[in-house]
Every structure is written in C-alpha cells, then in structure tokens.
Amino acid sequence: MSTTETPASGVGPVEGAPVYTVDTPAPLIEAPRKRTKKSPRSTRGNFELAAWLFMRLSGIVLVVLVIGHLLIQLVLDGGVSKVGFAFVAGRWASPFWQVWDLLMLWLAMLHGANGLRTIINDYAERPASRLWLKALLYTATVFTILLGTLVIFTFDPNIR
Amino acid sequence: MPAGTLYRGREGMWSWVAHRVTGVLIFFFLFVHVLDTALVRVSPEAYDKVVATYKTPIVALLEYGLVAAILFHALNGLRVIAVDFWSKGPRYQKQMFWTVMGVWIVLMAGAIYPVLGHAYRVLFGS
Ligand code: HEM
Ligand code: HEM
C-alpha cells in the first residue's frame, strides 16, 4: 500500500498558516500560549492589568498632589505652625483646593489599598487569613474614603 | 537569601523592600490623617487641640520621617514606572536608583530647616 500522506508527527495543524512552506521547511509550531479561535473564551477579565496600570497612572498624579500638599502644609508660610481650624477654613473656601484634596483622597486611598491587597496576596497564605485581612482592608478603605469625602463636602466654617 | 526568589539582593531588591515598607507606612498615616482632619466637623477646639500635637518637637521628627518616606516612595515610584515603560529602563535601573538616592538626599537636606526649624526654636529658643 503506497502512502503519499505526510508522515504522522506530533505537530498539529496551525491556524491560518500551513505547517510546511518553502520558507519554513521545518514544521511551524504554534506558540504555546497563543490565543486562537479554538481556545475557550477567557473567563477572567483584565482586572490585574487594570490595577497594574492604575498604580502607575495614579502614582504620577500623586507626585504632584501629595508633594504639593506637603509643601503647603509643612514648608511654605511658617510650616506646620500655621495649621489650624482657621487655616483649613481659608483653604476649603476655594473649590480648587477642595477638588485637589478630594482627588488626593481618592487616588491615594485606592492606590494604597491596591498596594496593600498585593502585599496581602504575597504574604498571607491561608485562605482564611487572606479573606479576613482583605475584608478588614476594604472596610477601612471604604470608610476612610466616605468619611473624607463627607468632611470636604459638608465643611462649615461657621460651625461655632 | 532563600532559593528561588526573583531578586538576589543589591539595588533592585532593596529598593523594592523600601518601596513596600514606605507604601505601607504612608497608607497607615493617611488613615489616621483623615480621622484627625474629620475633627473639623466636631468643633474648631477639638481640631486645634489635635493639630497642636503636630507642632511638638517629637512629632516634628515623625513628620520629617514621613517626608523621607514619601519622597523615597515618589522618586522610586517614578523609577519603577521608567523601568516598565521606557525601553532602556531596565538597563539603567541601577543608575536610576542612585539618581533617586542623590535627589532624595538633596531634598531631605533642604527639608531640615522648614520641617524641623520650629521644633528647634521650641527646644532651644529663637
Ligand atoms: C504632616 C504632614 C501633613 C500635614 C501637616 C497635613 C495637613 C493637612 C490639612 C491642614 C488638611 C486640611 C485641608 C487642607 O488644608 O488642605 C489636610 C487634608 C488632607 N491631607 Fe494632609 N497633611 C499632611 C500630610 C499628608 C499626606 C502625606 C497625605 C497623603 C498621603 C495627605 C492627604 C490629605 C488628604 C487626602 C486630605 C483631605 C482630607 C479629607 O478629605 O478630610 N496629607 N492635610
Ligand atoms: C507620591 C507619589 C507616588 C508614586 C509615584 C507611587 C508609585 C507607586 C508605584 C509605581 C507602585 C507599584 C510598584 C510595583 O508594582 O512594584 C506603588 C506601589 C505602592 N504604593 Fe505608591 N506611589 C505614590 C504614592 C503612594 C501613597 C500616597 C501611598 C499610600 C497611601 C502609596 C502606597 C503604595 C503601596 C502600599 C504600594 C504597594 C507596594 C508593593 O506592592 O510592594 N503610594 N507606588
């Protein structure tokens, strides 16, 4: 029995390209993790990628917000000595500084909370400890963001 | 060093350790800081009383430490971003680390008088 088929090999069909061509006399092998039409649809989103990107983008913005804040609070105009209720009332009379503080609050808290999530993932090995540490972290984060936001929006210079 | 870790000491690993430690410290500070700022909703007296502790010499030293942590985390964070996004970043990571340390030392020297000056006057008179 004569056979003209190519000899059996471990090389499976490759999507969108012939296994052998003049230019690739050796069999073309698909990259191991390449996603093709045959691979099942990913059930995971891109959350970790988004978190990774967020750490970098928020970091760049925080350089300006936090270092500017420290300059105002600790260096300019007498340093920390001038800080007090009257000083805060003067600053939050301006929408510019309200937005500045609000943005700083949200970005720093989310950036820091996501950083701590990574650290918990790295060091807490038992599923129960991971669960409880993250529950504590998320509770503290939501509480702090809500409290800080509320304080900025409801600040009353004539409280007394 | 345990076998199988990605980093093997030197600048790359220690900058990562310091970045992690400073990040956690800043987060805990921020949590307390939002709580103390919330006292403006209680009364001017309550707020001013807590802020008065910020002006004592010992807390001034802590503030200097906070500045140190933030400046390191910010500068090294920019280095991490450069390593990730700049095509030559990984090759120059070591030089960038020492640049970070140089800028950090200059800024920390510049912060001594503004941040610690009032504590000096409290302790030793003007
Ligand atoms: C010891 C150094 C610091 C002092 C003396 C200080 C002082 C103040 C003061 C007086 C306010 C009231 C509003 C204003 O004046 O803008 C404030 C608000 C705020 N600060 Fe700071 N700050 C310091 C460090 C920081 C750092 C390192 C961060 C970020 C990581 C930060 C984040 C914030 C935020 C998010 C608010 C808004 C709080 C809220 O929404 O209730 N501060 N700070
Ligand atoms: C001042 C500007 C800042 C910059 C440029 C910055 C930059 C970064 C970057 C790029 C990372 C990711 C590191 C990595 O993936 O290996 C990171 C991690 C982190 N950041 Fe920041 N950050 C800043 C401010 C803050 C603030 C205000 C906080 C605290 C509220 C904070 C807490 C953290 C934490 C806890 C981590 C995780 C560290 C780790 O996984 O080892 N950062 N930062």
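- Under an unreviewed UniProt entry, the name given to chain A is Succinate dehydrogenase, and the source organism is Streptomyces capoamus.
- Listed under Subcellular location (unreviewed entry) in UniProt, the entry text for chain A is "Membrane".

**A word on the overall build of chain A**
Argument step 1. Helix and strand content of chain A: 4 helices and 0 strands.
Argument step 2. When burial is assessed residue by residue, chain A has 33% of its 160 residues classed as buried.
Argument step 3. Partitioning the contacts of chain A with sequence separation of at least 6, the portion at a separation of at least 24 is 54%.
Argument step 4. Element-wise, carbon and sulfur atoms account for 68% of the exposed surface of chain A, whose accessible area totals about 11,000 Å².

**Focus: the pattern of salt bridges**
Argument step 1. For the structure on display, the rule yields 4 salt bridges over all chains.
Argument step 2. We note a salt bridge from Arg117(A) to Glu48(A), for which the minimum N-O separation is 3.0 Å. Of this pair, Arg117(A) sits in helix H3 (residues 95-123) while Glu48(A) is found in helix H1 (residues 47-75), placing the two residues 69 residues apart along the sequence.
Argument step 3. A salt bridge links Arg10(B) to Glu11(B); the shortest N-O distance between them is 3.6 Å.

**Remarks on the nonpolar core**
Argument step 1. Among the nonpolar cores identified, the biggest contains 51 residues, and Trp92(A), Phe155(A), Val40(B), Tyr47(B) and Val67(B) are the most heavily contacted of them.
Argument step 2. Looking at this core, the elements that each hand over two or more residues are H1, helix H2 (85-91), H3 and helix H4 (127-154) of chain A together with helix H1 (10-37), helix H2 (44-54), helix H3 (57-85) and helix H4 (93-124) of chain B.
Argument step 3. For this core, the element with the most residues is H3(A), which contributes 10 residues.
Argument step 4. With near-sequence residues (within four places) excluded, Phe155(A) lies in contact with Phe85(A), Val88(A), Ala89(A), Trp92(A), Val40(B) and Arg41(B).

**Considering the UniProt feature "transmembrane region" (unreviewed entry) in chain A**
All names here are of chain A.
Argument step 1. Cross-referencing UniProt, the feature "transmembrane region" (unreviewed entry) maps to residues 49-76, 96-114 and 135-155 in the present numbering.
Argument step 2. Annotated as residues 49-76, this span is 96% helix and 0% strand, and its ends, taken at the C-alpha atoms, are 39 Å apart.
Argument step 3. Split by type, residues 96-114 is 100% helix and 0% strand. Its first and last C-alpha atoms lie 27 Å apart.

**A word on the site of ligand 2**
Argument step 1. As a structural note, the neighbourhood of ligand 2 is formed by 22 residues, with Arg56(A), His111(A), His19(B), Arg20(B) and His73(B) the closest of them.
Argument step 2. Among the chains of the assembly, those with residues near ligand 2 are chains A and B.
Argument step 3. In this structure, an oxygen atom belonging to ligand 2 sits 3.0 Å away from a side-chain N or O atom of Arg56(A).
Argument step 4. Take His73(B): an N or O atom from its side chain is 2.8 Å from a nitrogen atom of ligand 2.
Argument step 5. Elements that contribute at least two residues to the shell around ligand 2 include exactly H1 and H3 of chain A together with H1 and H3 of chain B.
Argument step 6. Here the element with the most residues in the shell around ligand 2 is H1(B); it accounts for 7 residues.
Argument step 7. Residue composition of the shell around ligand 2, grouped by class: 11 nonpolar, 9 polar and 2 charged.

**Examining the coordination of the iron atom of ligand 2**
Argument step 1. Coordination of the iron atom of ligand 2 by the protein comes from His111(A) (NE2) and His73(B) (NE2), over a distance range of 2.0 to 2.1 Å.
Argument step 2. Around the iron atom of ligand 2 sit 6 donor atoms; with metal-centred angles ranging over 86 to 179 degrees, the donor geometry is octahedral. Residue His111(A) is found in helix H3, and its partner His73(B) is found in helix H3; the two belong to separate chains. Across the pair, exposure class does not vary: His111(A) and His73(B) are buried alike.

**Looking at the packing of aromatic side chains**
Argument step 1. One pass over the structure, following the stated rule, counts 10 aromatic pairs over all chains.
Argument step 2. A centroid spacing of 5.5 Å and a plane angle of 50 degrees characterise the contact between Trp52(A) and Phe85(B), whose relative ring orientation is tilted. Within this pair, whereas Trp52(A) is found in helix H1, its partner Phe85(B) is found in helix H3, the two belonging to separate chains.
Argument step 3. Look at Trp52(A) and you get partly exposed, because its relative accessible area is 33%.
Argument step 4. The exposure class of Phe85(B) is partly exposed, given its relative accessible area of 49%.
Argument step 5. An angle of 50 degrees between the planes, with centres 5.1 Å apart, marks the rings of Trp97(A) and Trp100(A) as tilted. Highlighted residues: Trp97(A) and Trp100(A), both in helix H3, separated by 3 residues, approximately one helical turn.
Argument step 6. In textbook terms, an aromatic cluster arises when at least three aromatic residues are bridged by ring pairs, as seen for Phe85(A), Trp92(A) and Phe155(A).
Argument step 7. A cation sits over an aromatic face here: Arg91(A) above Trp97(A), 4.6 Å from the ring centre.

What counts, and at which threshold
Residues numbered from 1 in each chain as written. Chains lettered and ligands numbered in written order. Predicted model: local features only at pLDDT ≥ 70, side-chain atom pairs only at ≥ 80, totals over all residues. Heavy atoms only, no water. UniProt positions renumbered as here; feature names shortened; annotations may be inferred. Helix = DSSP H or I, 4+ residues; strand = E, 2+ residues; numbered from the N terminus. Buried < 20%, exposed > 50% of the residue type's maximum accessible area, 1.4 Å probe, protein only. Contact = heavy atoms within 4.5 Å. Areas by Shrake-Rupley, 256 points an atom, 1.4 Å probe, with all protein chains shown as cover. Salt bridge = Lys/Arg side-chain N within 4 Å of Asp/Glu carboxyl O. Core = buried A, V, L, I, M, F, W, Y, C linked by side-chain atoms within 4.5 Å. Near = heavy atom within 4 Å. Polar contact = N/O pair within 3.5 Å; in protein donor to acceptor, adjacent residues only side chain to side chain. Nonpolar A, V, L, I, M, F, W, Y, C, P; charged D, E, K, R; others polar. Donors = N, O, S within 2.8 Å, 3.2 Å for Na, K, Ca; no water. Tetrahedral: all angles 85-135°; square planar, octahedral: opposite > 155°, others 65-115°. Phe/Tyr/Trp six-rings, centres within 6.5 Å; stacked < 30°, edge-to-face > 60°. Lys NZ or Arg CZ within 6 Å of the ring centre and 35° of its normal.

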